[in-house]
Amino acid sequence: MFKWIGWLLLPTTLLAQNNLPDLLIVNGRILDGTGNPWYQADVAIHNGKIVTIGKNLPRNAYRIIDAGNRIVAPGFIDVHTHIEEDEKREPLAMSFIYDGVTTCITGNCGMSNVNIGQYLNWIDSLKPSVNVASLLGQSDVRKAVLGRANRNATAEELKQMLQIVEKAMQDGAMGLSTGLIYIPGTFTPTDELIALARIAGKYNGVYATHMRDEGDSITQAIEEALRIGREGNLPVQISHFKLSGQQNWGRSKKTLAQVDQARASGLDVTIDQYPYTASSTSISTLLPDHILADGQDSIQARLQRPAIREEVIKYILARLKKRGLRHLNYAVVAYFKPDTSYNGKSIEEINLMKGRKHNARAEAETVMDIQIAGGASAVFHGMGEVDVQQIMKYPYNMIASDASIRVFNEGVPHPRGYGTNARVLGLFVREKNILTLEEAIRRMTSLPAQKFNLKDRGLLKEGMAADIVVFDEKTVSDRATFEKPHAYSIGFEYVLVNGVLTIDQGKHTKARAGKALRNNSFGLVVQ
Ligand SMILES: [Zn+2]
């Protein structure tokens, strides 16, 4: 329809050119995603692909966008998201699109749909505003076969899990993910993980891991991830690389060296990071693993027994002591369904609200009560800025949000769901000079595309999918804060997904041009 109108408006001399591009971006500075500095060129887009990049292209197209000397870069690929379920509620994926993200890789931290084929088909029928690829989550695979049991798998159970992984990889999963601080990931022995990882590797998948520990025992946790890569014969992605707990601040120099040594030995290992000093996850991570086995009924029953409550109090107090803290003020509830007045308040504050004593013992009781009531998501302020910056300088590190699609004004979630990329470009590139603009763009585009086998994305080159962002590097900024997280990033003037304008002059067009991206890079499977 629009094309027809476009034709009518064109001079007759142009009608002979039946390959008139859908879109032409002119007057932009191209940052192509390789890490090279910008150059001046125009970009012509047709049928969802970049057809020509060149200087002074003829000004003929159905739509001409004047980039006004802004940066033109590949759309950002966020390799660590958790968008299952949210696509249905928020198919426009505003929180990602306004932050320049055009592709989300979901299914991280061991959590995904078990039937990846069905999930990806559903994405194609839904048509969200972003492209979606998925990993297969190991916790959910284990749940499907063993439930939340705290024990080793039998030979028959292992066989069933291997079959699920094989099917998911054939259906287009990008690899296997683990969340080894979550139930039942935490109950899984390394050998079982290696067996599953081997199948993912056979199909050119990656092993993406939220490691068993990101604090005191991080060295051993990295060792385990590297071992799974070596023995599973597949590339490793260490998710949301960080150092948790005040007592561990400064250790990133050593943990990054560990990654470097593995690379030097020939293992393809890379990492990703969100640019904040707080993490976010379930409040249940404050409790010992064995308390959380076998589902909510069992958890409730356990947490009602005085002996167990005492054990949990001791556990929480010991961890606080290690951090050098007297109160659970570093844990802030993001969303608590039964009582939303908790949202945005620390455990210390909630405990006082409940009229309890102002001490860590009572705060531990409050944590247990929240867990008995169904649990909550929380933001944990536990990282040091020195580590965040040190990790950000690391060249084999991608920028990834670890976020869901945010529902505007719901709860007080971690701001990373709105501002991750704009924060890196505004704060860490422009203001702090921690990395260059072209390097930041490389980490948001071609590096993730290479790692996750997205062969036609992540670079501005002829023939590539037209996922493109146009932004002003002098104004791009995140606006989401821990206190007021519901604010979209600014500075992205145009965002294209598969050649379709999804942000036009700074506004979401309601276009939903995203599609499912399947791993089909295993043409030759070696048995
Ligand atoms: Zn995680």
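Residues numbered from 1 in each chain as written. Predicted model: local features only at pLDDT ≥ 70, side-chain atom pairs only at ≥ 80, totals over all residues. Heavy atoms only, no water.

**Student:** Summarise the side chain of Ser446; cite the residues concerned and give the values.
**Tutor:** With respect to the element layout, Ser446 can be found in helix H18 (residues 446–451). Residue classification places Ser446 among the buried positions, given a relative accessible area of 16%. Setting aside chain neighbours within four positions, we find Ser446 in contact with Gly33, Thr34, Gly458 and Leu459. (Helix = DSSP H or I, 4+ residues; strand = E, 2+ residues; numbered from the N terminus. Buried < 20%, exposed > 50% of the residue type's maximum accessible area, 1.4 Å probe, protein only. Contact = heavy atoms within 4.5 Å.)

**Student:** So, helix H16 (residues 416–431): which residues are in play, and what are the values?
**Tutor:** Relative to the 22 Å expected for 16 residues at 1.5 Å per residue, H16 spans just 18 Å between its end C-alpha atoms, considerably shorter than the ideal helical length. Of all bends in H16, the biggest is about 50°, found at Arg423. With respect to burial, H16 is a largely interior element, 14 of its 16 residues being buried. Looking one or two residues beyond H16, the residue adopting positive phi is Asn433, at roughly 55°. (Expected span 1.5 Å × (residues − 1). Bend = angle between axes of the 7 residues up to and from the residue.)

**Student:** Give a detailed account of unusual backbone geometry, specifying residues and quantitative values.
**Tutor:** Phi is mostly negative for residues that are not glycine, and the peptide bonds are mostly trans. Of the consecutive residues Ile183 and Pro184, the connecting peptide bond is found in the cis state with omega at 0°. If you trace the backbone, Pro184 turns up in the loop between strand E10 (175–179) and helix H8 (190–202). Look at Lys127: it is not a glycine, yet its phi comes out positive at around 55°. Positionally, Lys127 belongs in the loop between helix H5 (116–126) and strand E8 (131–134). Under the relative-accessibility criterion, Lys127 is labelled partly exposed at 45%.

**Student:** Tell me about the domain arrangement of the protein, and name the residues and values.
**Tutor:** Annotation of the protein at the domain level lists domain 1 (75–278 + 382–456) and domain 2 (282–381). Taken together, the contact between domain 1 and domain 2 spans 22 residues of the former and 17 residues of the latter. Of all residues in domain 1, the largest losses of buried area upon contact with domain 2 belong to Arg148, Gln246 and Val412, amounting jointly to 28% of the total for that side. On inspection of domain 1 and its partner domain 2, the count reaches 1 salt bridge. Between Lys322 and Asp216 there is a salt bridge whose closest N-O contact spans 2.9 Å. At the junction of domain 1 with domain 2, the criterion picks out 6 residue pairs in polar contact (both at pLDDT 80 or more). In terms of residue class, the side of domain 1 that touches domain 2 is built from 9 nonpolar, 10 polar and 3 charged. (Domains from an automatic or database assignment. Buried area = accessible area lost by both parts, 1.4 Å probe. Salt bridge = Lys/Arg side-chain N within 4 Å of Asp/Glu carboxyl O. Polar contact = N/O pair within 3.5 Å; in protein donor to acceptor, adjacent residues only side chain to side chain. Nonpolar A, V, L, I, M, F, W, Y, C, P; charged D, E, K, R; others polar.)

**Student:** I'd love a proper account of the coordination of the zinc ion, names of residues and values included.
**Tutor:** Distances from the zinc ion to its protein donors, Cys109 (SG), His210 (ND1) and His240 (NE2), fall at 2.1 to 2.3 Å. Spacing between the donor residues of the zinc ion along the chain follows C-x100-H-x29-H. Here the residue Cys109 occupies a position in the loop between strand E7 (101–106) and H5, and His210 occupies one in strand E11 (residues 206–210), the gap between them amounting to 101 residues. (Donors = N, O, S within 2.8 Å, 3.2 Å for Na, K, Ca; no water.)

**Student:** Describe the sheet that holds strand E14 (residues 278–282), naming the residues involved and giving the relevant values.
**Tutor:** In spatial order, the strands read E14-E16-E15; together these 3 strands make up an open sheet with antiparallel pairing. Only two strands of the sheet have a single partner each, and these edge strands are E14 and strand E15 (331–335). When the angles between neighbouring strand axes are averaged without regard to direction, this sheet yields 30°. Inspection of the sheet shows E15 paired to strand E16 (residues 377–381) by 4 bridges, in the antiparallel sense. From the neighbouring strand, Tyr335 faces E16, where its bridge partner is Ser377. (Pairing = 2+ DSSP bridges. Axes fitted to C-alpha atoms, helices over the stretch in contact; angles between N-to-C directions.)

**Student:** Explain the pairing of strand E13 (residues 269–273) to me, and be specific about the residues and the numbers.
**Tutor:** Along E13, 5 of the 5 residues are buried, which leaves the element largely enclosed by surrounding structure. Burial of the side chains of E13 extends over both faces: Val269, Ile271 and Gln273 are buried on one face and Thr270 and Asp272 on the other. With 3 bridges connecting them, strand E12 (residues 236–238) and E13 associate as parallel partners. Residue pairing in the sheet places Gln237 in a bridge with Thr270 of E13. Between the parallel pair E12 and E13, the chain is carried across by helix H10 (residues 252–264), and the sense of this crossover is right-handed. (Right-handed = clockwise from strand over helix to strand, strands pointing away.)

**Student:** Tell me what's going on with the packing of helix H6 (residues 138–146) against helix H7 (residues 155–170), and back it up with residues and numbers.
**Tutor:** Two numbers describe how H6 lies on H7: the axes approach to 10 Å, and their chain directions differ by 135°. As judged from the angle between their axes, H6 and H7 are oblique. Pair H6 / H7 crosses with right-handed handedness. In this structure, H6 contributes Val141, Arg142, Ala144, Val145 and Leu146 to the contact, and H7 contributes Glu157, Gln160, Met161 and Ile164. The residue inventory of the contact of H6 with H7, partitioned by class, reads 6 nonpolar, 1 polar and 2 charged. (Parallel < 35°, antiparallel > 145°, perpendicular 65-115°, else oblique. Left-handed = near helix turned anticlockwise from the far one by under 90°.)

**Student:** Which residues make up the packing of aromatic side chains, and what are the values?
**Tutor:** What the rule picks out here adds up to 11 aromatic pairs. Judged by centre distance (5.8 Å) and plane angle (80°), the ring pair of Phe76 and Phe492 falls under edge-to-face. Highlighted residues: Phe76 in strand E6 (residues 76–78) and Phe492 in strand E19 (residues 492–497), separated in sequence by 416 residues. For the pair shown, Phe76 and Phe492 are each scored as buried. For the pair Tyr119 and Trp122, a centre-to-centre distance of 6.2 Å together with 35° between the ring planes defines the contact as tilted. In this pair, Tyr119 and Trp122 are both assigned in helix H5, 3 residues apart and thus about one turn of the helix distant. Accessibility expressed as a relative area gives 4% for Tyr119, which makes it buried. (Phe/Tyr/Trp six-rings, centres within 6.5 Å; stacked < 30°, edge-to-face > 60°.)

**Student:** Summarise the pattern of salt bridges; cite the residues concerned and give the values.
**Tutor:** Applying the stated criterion across every chain, the model contains 30 salt bridges. Put simply, Arg423 and Asp478 hold a salt bridge, and the shortest N to O gap is 3.4 Å. Placement of Arg423 in helix H16 and of Asp478 in the loop between strand E18 (468–471) and E19 is noted, with a sequence separation of 55 residues between them. Note on Asp478: relative accessible area 18%, which makes it buried. The partner of Arg457 in a salt bridge is Asp467, and the shortest N-O contact between them spans 2.7 Å. Taken together, the residues span a long stretch of sequence, with Arg457 in the loop between H18 and E18 and Asp467 in the loop between H18 and E18 at a distance of 10 residues. Put simply, Lys49, Asp456, Arg457 and Asp467 are held in one network by salt bridges that share partners.

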